[in-house]
Amino acid sequence: MNSFFALSILLGTGFFLNVLAYGTIEPFVASALLFFLGSLFIVPLNGSRSQEYSTFGLVFLVCFAVAGIAAIYANFFFDQVQLHGDAGRFFDYATGKGSGLTLAELREVHEGSLAIAFWSEIYDLFSFLGFQKERYIGVAVNITSVSMTAAIGVRIVRCVYGDDVQKIILFKLLAACCGLFWMFAAIHLRDAVVLLLVTFLVFLWVKALRTPRFGLNLVPLAVANIAGATILGFLRTEFSFVPFAMALCAVTALLIGNAGGRGKGGLYLMAVLAGACVIGLLVAFGDQILDRLVKGNEAYLGMSEGQHGSGSLGMALIVKQPLPIRLVLGSLYLLVFPVPVWSGFEVASAIHALRSVNAIYFYFVTPLLWLALLELARDRSKRTPETLFLAFLGGGMMFAIAATSLEPRHFGAFLVPLLVFALQPDMSDHLMRARYKRVTGVVLAAAAVLHLLWAGAKFL
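Residues numbered from 1 in each chain as written. Predicted model: local features only at pLDDT ≥ 70, side-chain atom pairs only at ≥ 80, totals over all residues. Heavy atoms only, no water.

*Asks:* Break down the state of the cysteines for me, citing the residues and quoting the values.
*Replies:* According to the stated counting rule, one finds zero disulfides in the structure shown. Here C178 stays free of any disulfide, with the sulfur of C177 as its closest cysteine sulfur at 9.0 Å. (Disulfide = S-S within 2.5 Å.)

*Asks:* Before we move on, could you go through the nonpolar core and cite the residues and values that matter?
*Replies:* Within soluble globular proteins, side chains that are nonpolar generally end up buried alongside one another. One finds F181 and F389 to be the most contacted residues of the largest nonpolar core, which totals 131 residues. The leading source of residues in this core is helix α9 (residues 135–161), at 17 residues. Not counting the four nearest positions on each side in its chain, F181 is found in contact with C63, V146, A175, L195, G412, L415, V416 and L419. (Core = buried A, V, L, I, M, F, W, Y, C linked by side-chain atoms within 4.5 Å. Buried < 20%, exposed > 50% of the residue type's maximum accessible area, 1.4 Å probe, protein only. Helix = DSSP H or I, 4+ residues; strand = E, 2+ residues; numbered from the N terminus. Contact = heavy atoms within 4.5 Å.)

*Asks:* A description of the pattern of salt bridges should follow, citing residues and the corresponding values.
*Replies:* For side chains of opposite charge, pairing can occur when their charged atoms come near one another. The tally for this structure, following the rule as stated, stands at eleven salt bridges. D124 is paired through a salt bridge with K133; the nearest N and O atoms lie 2.9 Å apart. Residue D124 is classed as partly exposed on the basis of its relative accessible area of 36%. A salt bridge links E375 to R378; the nearest nitrogen and oxygen atoms lie 2.2 Å apart. Placement of the pair is E375 and R378 together in helix α18 (residues 350–378), with a separation of three residues, close to one helical turn. Residue E375 is classed as buried on the basis of its relative accessible area of 7%. A network of salt bridges, in which partner residues are shared, links D86, R89, D191, R236 and R409. (Salt bridge = Lys/Arg side-chain N within 4 Å of Asp/Glu carboxyl O.)

*Asks:* I'd like a description of the side chain of K167, backed by residues and values.
*Replies:* Its location among the elements puts K167 in helix α10 (residues 165–176). Here K167 is buried and forms no salt bridge, its nearest opposite-charge partner D164 lying at an N-O distance of 4.6 Å. Filtering out sequence-adjacent residues up to four positions away, K167 remains in contact with V157, Y161, L423, Q424, P425 and D426. (Lys, Arg positive; Asp, Glu negative; His and termini not counted.)

*Asks:* With reference to specific residues and values, describe the environment of A245.
*Replies:* Topologically, A245 is positioned in helix α14 (residues 242–256). A relative accessible area of 11% places A245 in the buried class. Distance from A245 to G396, taken between C-alpha atoms, is 8.4 Å for residues 151 residues apart in sequence.

*Asks:* Quick one: what's the story with the packing of aromatic side chains, residue by residue and with numbers?
*Replies:* Under the definition given, this model contains 17 aromatic pairs. Considering the side-chain rings of Y73 and F77, the 6.2 Å spacing of their centres and the 65° angle between planes classify their relative orientation as edge-to-face. Overall, the relative accessible area of 19% leaves Y73 in the buried class. Taken together, the ring pairs in this structure connect F15, F28 and F64 into an aromatic cluster. (Phe/Tyr/Trp six-rings, centres within 6.5 Å; stacked < 30°, edge-to-face > 60°.)

*Asks:* Please provide a residue-by-residue account of the layout of surface pockets, values included.
*Replies:* Empty space among the atoms can be located by rolling a probe the size of a water molecule over them. Taken as a whole, the second largest pocket encloses approximately 730 Å³ of empty space. At the level of elements, α2 (26–40), α3 (43–46), α8 (113–128), α9 and α12 (191–210) are the ones that each hand at least two residues to the lining of the second largest pocket. Top contributing element to the lining of the second largest pocket by residue count: α12, with six residues. By residue class, the composition of the lining of the second largest pocket is 21 nonpolar, three polar and one charged. (1 Å grid on protein atoms, 1.4 Å probe; cavity = no way out; pocket = protein on both sides within 12 Å on 5 of 7 lines; lining within 4 Å. Points joined across faces, edges and corners; volume = space filled by probe spheres on them. Nonpolar A, V, L, I, M, F, W, Y, C, P; charged D, E, K, R; others polar.)

*Asks:* Break down the packing of α8 against α9 for me, citing the residues and quoting the values.
*Replies:* Put simply, α8 and α9 touch, their axes get as near as 10 Å, and they point 120° apart. As judged from the angle between their axes, α8 and α9 are oblique. Remark: the crossing between α8 and α9 carries right-handed chirality. Together, F118, W119, I122, Y123 and F126 of α8 and R135, I137, G138, V141 and N142 of α9 make up the contact between the two elements. (Axes fitted to C-alpha atoms, helices over the stretch in contact; angles between N-to-C directions. Parallel < 35°, antiparallel > 145°, perpendicular 65-115°, else oblique. Left-handed = near helix turned anticlockwise from the far one by under 90°.)

*Asks:* Any chance you could break down empty space enclosed by the protein for me, citing the residues and the numbers?
*Replies:* The final tally for this structure, using the stated rule, is two cavities of 30 Å³ or more. Size it by volume and the largest cavity reaches roughly 80 Å³. If you trace the largest cavity, you find 14 residues lining it, with N18, Y22, A67, Y136 and V139 closest to the centre. For the lining of the largest cavity, the secondary-structure elements that each account for two or more residues are α1 (4–22), α2, α4 (51–76) and α9. Among the elements that make up the lining of the largest cavity, the one with the highest residue count is α9 (five residues).

*Asks:* Describe in detail the packing of α4 against helix α11 (residues 179–186), supporting the description with residues and values.
*Replies:* Interhelical geometry of α4 versus α11 gives an angle of 65° and a closest axis separation of 9 Å. Classed by the angle they form, the pair α4 and α11 counts as roughly perpendicular. Our pair here, α4 against α11, has a crossing hand that is right-handed. Where α4 abuts α11, its residues V62, C63, V66, A67 and A70 lie against F181, W182, A185 and A186.

*Asks:* Which residues make up the side chain of T199, and what are the values?
*Replies:* Relative to the elements of secondary structure, T199 occurs in helix α12. Looking at T199, its side chain comes within polar contact range of the main-chain oxygen of L195, at 2.8 Å. T199 has contacts with T149, I152, I156 and V416, leaving out every residue within four places of it along the chain. (Polar contact = N/O pair within 3.5 Å; in protein donor to acceptor, adjacent residues only side chain to side chain.)

*Asks:* Any details on unusual backbone geometry? Residues and values, ideally.
*Replies:* Here the amide bond leading from F337 into P338 is cis, since omega sits at 5°, within 30 degrees of zero. For P338, the position within the fold is in the loop between α17 (323–336) and α18. In this structure, the amide linkage connecting V339 to the following residue, P340, adopts the cis form with an omega of 0°. Along the polypeptide, P340 turns up in the loop between α17 and α18. The backbone of F78 shows a phi angle near 55°, a positive value even though the residue is not glycine. The topology assignment puts F78 in the loop between α4 and α5 (80–84).

Okay, structure coming up:
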């Protein structure tokens, strides 16, 4: 998978597509510079290990090629989402419209103010170096952010499963093929930066749960979560509750998880600290979080009605259902959206095409998640605090998004913990591989039935 030939094909494809889309070699040069800068941050993360580097490189090259496709959509087919939607507004503010505004002032005009300010600094730096302020610079920042996220994901895999090369390689494959990660990298959206920050916080929690040492892990964890709640408020306001959710998941995982022979003192201290984080974040941000969630839910409901109509099938079957039904159906919706799966390819927009790619991706990842849940239910020794934390966080955020926005982009910010959790099954065992094939067959059959039902509701 990581052979020189395959990487050369990816590099050549990305180079050709980006130069074709922009008519200049500058996208390649800018991306190469950011690749080098991003790789420097991997050094303190992994020490002398190479898997983090190879994952960073592979994901970067894949996303660089996908960014070329997205650029062709924008520059040749006039992709309205990229040119005039959220991505277009981010680009406009980052390249001049937000010039001279403070972070607080930017927040008044757009909730993703920190992402705009960050992009703006990068655009100014590259402008100083002689580059034009073109979309490819912001996209290269996103590609670097997603690639760094994948490298951090490998570190999380090591914390949970040790130096299991097969699980690391499988995670590398899952990260490199994820349609939502491609979207975050290739489209000028803030989601790549949100994904990076959320994944870094997950890494700190998993590391602390694995080795709860007060000075080395717990104090930096507390500081990082307080800072994270503030920073997320300037990236996506409703996500300021995420550190609170992580602390709550950690407390629950510590209370019911299997310590596996590890000393209880550090784990109890960890539980006390996590509980303090829950209380502190709730006291500090509780009213703001509730207000943002309520307003966000109302805004997304209004947006859904505006886009699809209050009488649409999706509104009737999911959005307007009682909360328990919405949680179940909405969670499934996040995994299979869009229906029909080919609808994204019918619209001249890269973001819709990538959503369809992501739905196909989840047809093959969902069986892994199901098998991982079965492994957890069957084998108590696998219910470690760090594993339960990943399951609670990933599943809990899926329910939270199903109850509020129903937006797969929001769900994508929490994909890394779910993908790491999905590595529970031993795919080197032939019986497990056979079981995976059977479950995948069931998922594909269910997807076929879903599409038949859609066709019946649509045309009959």
